[in-house]
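So the chains spell out like this:
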Amino acid sequence: MKPRALLVASVLAWGCGRDSRSVVKEAEFGVFFGGQVQELKELEKELDPARQRHGVRLVFDGPLPRDIKVTWELSLPVPERGGPRSARVGDVTAKAGEASLDVPLSFRPEDPLGLWHAKVTADGAAVVDRDFTVVAAAPPPKVAPKPLPPRGPSSAR
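Bear in mind that the values here come from a model prediction, so they are computed numbers and not experimental data. (Residues numbered from 1 in each chain as written. Predicted model: local features only at pLDDT ≥ 70, side-chain atom pairs only at ≥ 80, totals over all residues. Heavy atoms only, no water.)

S.K.: Go over the side chain of Asp 111, please, and point to the residues and values.
M.R.: On the secondary structure map, Asp 111 appears in the loop between β7 (100–105) and β8 (114–122). From its side chain, Asp 111 meets the backbone nitrogen of Arg 108 in a polar contact 2.7 Å long. (Helix = DSSP H or I, 4+ residues; strand = E, 2+ residues; numbered from the N terminus. Polar contact = N/O pair within 3.5 Å; in protein donor to acceptor, adjacent residues only side chain to side chain.)

S.K.: Explain the sheet that holds β8 residue by residue, including any values.
M.R.: Within the open sheet, the five strands sit side by side as β3-β9-β8-β5-β6. Their pairing is mixed. Whereas interior strands pair on both sides, the edge strands pair on one side only; in this sheet they are β3 (42–45) and β6 (87–94). Mean inter-strand twist for the sheet, computed between neighbouring axes without regard to direction, equals 25°. Inspection of the sheet shows β8 paired to strand β9 (residues 125–136) by nine bridges, in the antiparallel sense. Looking at the pairing, Lys 119 lines up with Asp 129 of β9. (Pairing = 2+ DSSP bridges. Axes fitted to C-alpha atoms, helices over the stretch in contact; angles between N-to-C directions.)

S.K.: Hey, could you go over the side chain of Arg 130 for me, with residue numbers and the actual values?
M.R.: Among the secondary structure elements, Arg 130 is positioned in strand β9. With no salt bridge to any partner, buried Arg 130 finds its closest opposite charge in Glu 39, at an N-O distance of 4.5 Å. Of note is the side chain of Arg 130, whose polar atom sits 3.2 Å from the backbone oxygen of Leu 40. Every residue in contact with Arg 130, bar those within four places of it in the chain, is listed here: Phe 29, Gly 30, Glu 39, Leu 40, Trp 116, His 117 and Ala 118. (Buried < 20%, exposed > 50% of the residue type's maximum accessible area, 1.4 Å probe, protein only. Lys, Arg positive; Asp, Glu negative; His and termini not counted. Salt bridge = Lys/Arg side-chain N within 4 Å of Asp/Glu carboxyl O. Contact = heavy atoms within 4.5 Å.)

S.K.: An account of the environment of Pro 104 is needed here, citing residue identities and associated values.
M.R.: Along the chain, Pro 104 turns up in strand β7. The partly exposed category is assigned to Pro 104, whose relative accessible area is 43%. Remark: the alpha-carbon pair of Pro 104 and Val 56, spanning 48 residues in sequence, is separated by 6.5 Å. When sequence neighbours within four positions are dropped, the list of residues in contact with Pro 104 reads Phe 32, Arg 53, His 54 and Gly 55.

S.K.: Describe the packing of aromatic side chains, with residues and values.
M.R.: Overall, the coordinates contain three aromatic pairs when judged by the stated rule. When the ring of Phe 29 is compared with that of Phe 132, the centres are 4.9 Å apart and the planes differ by 45°; the resulting orientation is tilted. Here Phe 29 is found in strand β1 (residues 24–33), whereas its partner Phe 132 is found in strand β9, with 103 residues between them in sequence. An aromatic cluster is built from Phe 29, Phe 107, Trp 116 and Phe 132, whose rings are joined through pairwise contacts. (Phe/Tyr/Trp six-rings, centres within 6.5 Å; stacked < 30°, edge-to-face > 60°.)

And the structure:
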């Protein structure tokens, strides 16, 4: 391939990844952990938000000059009996002056395991559009009870 054609192809490919109108510099969907977002292909279906919290983090190009609407849609797996996919949708407004936005989400007990799809738009531009798999949460680790100290004559009452 000629260098000029390669340059044009790479610019076009780069431009398709993010809408040029977007005010979003960085968009992540995954598990919130230690101040970061881990974009995992598999998320454990953990119902306790104290143990695991997942969601969307948007970092804007700078403080927003105006409010923008952020919408999200999680498409659940196709039902075993067939039919259309269910979806969970929501929206939030990122306020003027904000430099970032976190949208925390939680699993529900009735949520199915399997292949899900996340789509997020900010100010009308798609910023997240990806699949992820929800897997069963690992059982909590078994902790052996601590042995009781031996009772000696000095401990008798």
